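Chain by chain, the residues run as shown.
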Amino acid sequence: MTEKSGANIRKLTSGIDRLDLVLGGGIPEFSFNVIMGEPGSGKTTLAHQIVFANATPEQPALYLTGLGEPTIKMLRYQQQFSFFDAAKVNESIFFANLAEVALEGDLDKTLEAIQQNIERVQPGIVVVDSFRSLILPKSVGSVQDFVQKLAVRLTGSQATTFLVGEYTAEDKTQNPVFTIADGIIEVSQNVARNSMVRKLRIHKMRGANPQPGLHTVRIGEDGLEVFPRMLKPVEDAQHVVSRKLISTGIEGLDGLLGGGTFEGSSLIVAGPAGAGKTTIAIHFIAEGVRSGQTGVIALFEETIPKYVAQAKGFGVDLEQMIAAGQVEMVYIRPLDLSVDETLYAIQSAVERVGACRVVIDSLTAMENALAPTFKEDYTESLYRLIGALTGEGIAIMMTVEITTSYDELQFTPHAISFLTHDIVLLRYFEVDGQLRTFMTIIKTRGRKHSHELRAYEITNEGVVVGRLLDDLHGVITAVPHREPKSRYRGLTEQETHLLNVIAGFGETTEKRLKDATGLSATALTAALNRLTVLGVAKKGLKRGRRVYRAAPGE
């Protein structure tokens, strides 16, 4: 038992940490409660978790069963859960069956049988499961009187009571049990096509301040696990807003963003499949590690081994970072997902490594993984997720896939742009019979950003931001045309790629260009010679080493 500070009402734990948060600290002692829900929703398991968490030899529990499951059968299934302690049965927890007396249909006799068991056990907790089965259509006596007398006797014996039953929404307005009850806990099952999700709601809890709304429930080997809608309001989570800029790990992108992104901000990288969104996210986490900032990567598409292998291809050893405790990767199972579960999975990882940076890759896959019942609340849930993380000063990078036609300029596939501080847009365009890529900044908050359209290349070193596309018009339409005097006319695809890489590096050596492009020494030398002859690249010496840079205007 725990006692709420500043209050006289003691509270019992539910045995489920996050359910205690939802309940406003626990279940008020000596309260008269109803646990309602349809068959299979988890009512009996919840009642057992409460009983096993609180029962002691000094404060035993009495568990009364009715016309439903026989006690021996119920215990057989409940013992599979980790909270079940066989040593407590008949020592701290006592079971009794009321089926025989209930079948007689005399409510006074049923009440007397309950009273006899209470006097025998002297319990601190009483559960009646299923209470509804004790009241048959042929029962003699007033149901309201029966419920009223039961509540008075149980409260008078200083017992915290739980009446478990398959009640419906209609029962809440017509059944006298709900009028008398101090607390009403409902566990429901939401089925949509092949998806089934359990949810929990506290309709009322006298003496406590429960969290409103529906909360996700999973039943696993530990019993019920609850994921509250909100740990705390977003506005309460906000600390002092940082004005410190941090690098994305891509020099050219930092420049476009106005120096990087702020600590405690959220950034979306939006673009089509294969445009480099994941590669940018890998840069972001790797740069954090180089700066002494730990990170978390939440995956919804690729498995962890595949993601690690992809990063290694760009020279980023995530495996080593994970082993050193600098990065934690969380693969969130794409099946009937709730945003609340996602939030807790990410926050748990953040707490374990003390993360300063989080990558969510991707929002598109996360939405696809959501159970249908959660999709209508997607934007509101995402708002809570982003607010909870950025409120703790964590910088978030999220990727999102765009699958629209190229005559449209769509920034994200949902109305979620207002939730983020910065948006980076990646796009394909066709020029000279080749498919190229460019990036631009849609918005930043709190600072100026570039409005340029910049070509970029994905090299062996990752993303390299290249030249300004000032010689092309109509790039946004995906089919631009060149200015007649463009120096890029006549270049081969290989030469154009090499020039973009040179422009991205600013100034670079032949060795670095070889590593980044994967060209052979012979092919690289030939391409560099042609670029310098055409005047679109410049060659020079620096500290005894030959260096290359793009010609002015390129």
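Here, the structure is the one placed above.
To start, this report covers the structure provided alongside it. Since this is a predicted model, take the numbers as computed values, not measurements. (Residues numbered from 1 in each chain as written. Predicted model: local features only at pLDDT ≥ 70, side-chain atom pairs only at ≥ 80, totals over all residues. Heavy atoms only, no water.)

### Quick word on the sheet that holds strand 22 (residues 454-459)
Inference 1: As summarised here, the arrangement of the 9 strands in space is 17-16-18-19-15-20-21-22-23, forming an open sheet in which the pairing is mixed. Of all the strands in the sheet, just strand 17 (327-331) and strand 23 (462-468) have a single pairing partner and so form its edges. Pairwise comparison of adjacent strand axes, ignoring direction, gives a mean angle of 25° for this sheet.
Inference 2: Sheet strands touched by helix 18 (residues 493-505): strand 21 (434-443), strand 22 and strand 23. Its angle to strand 23, the strand with the most contacts, is close to 95°. (Pairing = 2+ DSSP bridges. Helix = DSSP H or I, 4+ residues; strand = E, 2+ residues; numbered from the N terminus. Axes fitted to C-alpha atoms, helices over the stretch in contact; angles between N-to-C directions. Contact = heavy atoms within 4.5 Å.)

### What to know about the pattern of salt bridges
Inference 1: Applying the stated criterion to the full structure yields 19 salt bridges.
Inference 2: Between Arg 18 and Glu 225 there is a salt bridge, with its nearest N and O atoms 2.9 Å apart. Within this pair, whereas Arg 18 is found in helix 1 (residues 17-23), its partner Glu 225 is found in strand 12 (residues 223-227), the two being separated by 207 residues in sequence.
Inference 3: With a relative accessible area of 39%, Glu 225 lands in the partly exposed category.
Inference 4: Glu 452 is the salt-bridge partner of Arg 454, the closest N and O atoms lying 2.9 Å from each other. (Salt bridge = Lys/Arg side-chain N within 4 Å of Asp/Glu carboxyl O. Buried < 20%, exposed > 50% of the residue type's maximum accessible area, 1.4 Å probe, protein only.)

### A look at the packing of helix 14 (residues 339-353) against helix 17 (residues 378-390)
Inference 1: Where helix 14 meets helix 17, the axes come as close as 10 Å, and the angle between the chain directions of the two elements is 15°. Between helix 14 and helix 17, the angle falls in the class roughly parallel. You can see that helix 14 and helix 17 cross each other, and the crossing is right-handed. Counted together, Val 339, Asp 340, Thr 342, Leu 343, Ile 346, Gln 347 and Val 350 of helix 14 and Ser 381, Arg 384, Leu 385, Ala 388 and Leu 389 of helix 17 form the full contact between these two elements.
Inference 2: Looking at the contact of helix 14 with helix 17, its residues break down into 7 nonpolar, 3 polar and 2 charged. (Parallel < 35°, antiparallel > 145°, perpendicular 65-115°, else oblique. Left-handed = near helix turned anticlockwise from the far one by under 90°. Nonpolar A, V, L, I, M, F, W, Y, C, P; charged D, E, K, R; others polar.)

### Some points on helix 20 (residues 521-534)
Inference 1: Here helix 20 is 14 residues long and its end C-alpha atoms lie 20 Å apart, about the 20 Å a rise of 1.5 Å per residue gives.
Inference 2: When helix 20 is considered as a whole, its buried residues turn out to be Leu 524, Ala 527, Leu 528 and Leu 531. Buried positions in helix 20, seen along its axis, are confined to an arc of 100° and lie on one side of it. Pointing more than 90 degrees away from the buried face of helix 20 are the exposed residues Thr 522 and Val 533.
Inference 3: Its buried side turned inward, helix 20 meets helix 18, helix 19 (510-517), strand 27 (537-542) and strand 28 (545-550).
Inference 4: Positive backbone phi, approximately 85°, marks Gly 535, located one or two places after helix 20. (Expected span 1.5 Å × (residues − 1). Arc of directions from axis to C-beta.)

### Some remarks on the packing of helix 11 (residues 277-290) against helix 12 (residues 304-312)
Inference 1: Closest axis-to-axis distance for the helix 11/helix 12 pair is 10 Å, and the angle between their directions is 80°. In terms of orientation, helix 11 lies roughly perpendicular with respect to helix 12. Where helix 11 approaches helix 12, its residues Thr 278, Thr 279, Ala 281 and Ile 282 are matched on the opposing element by Tyr 307, Gln 310 and Ala 311.
Inference 2: Residues that form the contact of helix 11 with helix 12 fall into these classes: 4 nonpolar, 3 polar and no charged.

Read these as spatial facts, not as claims about activity.
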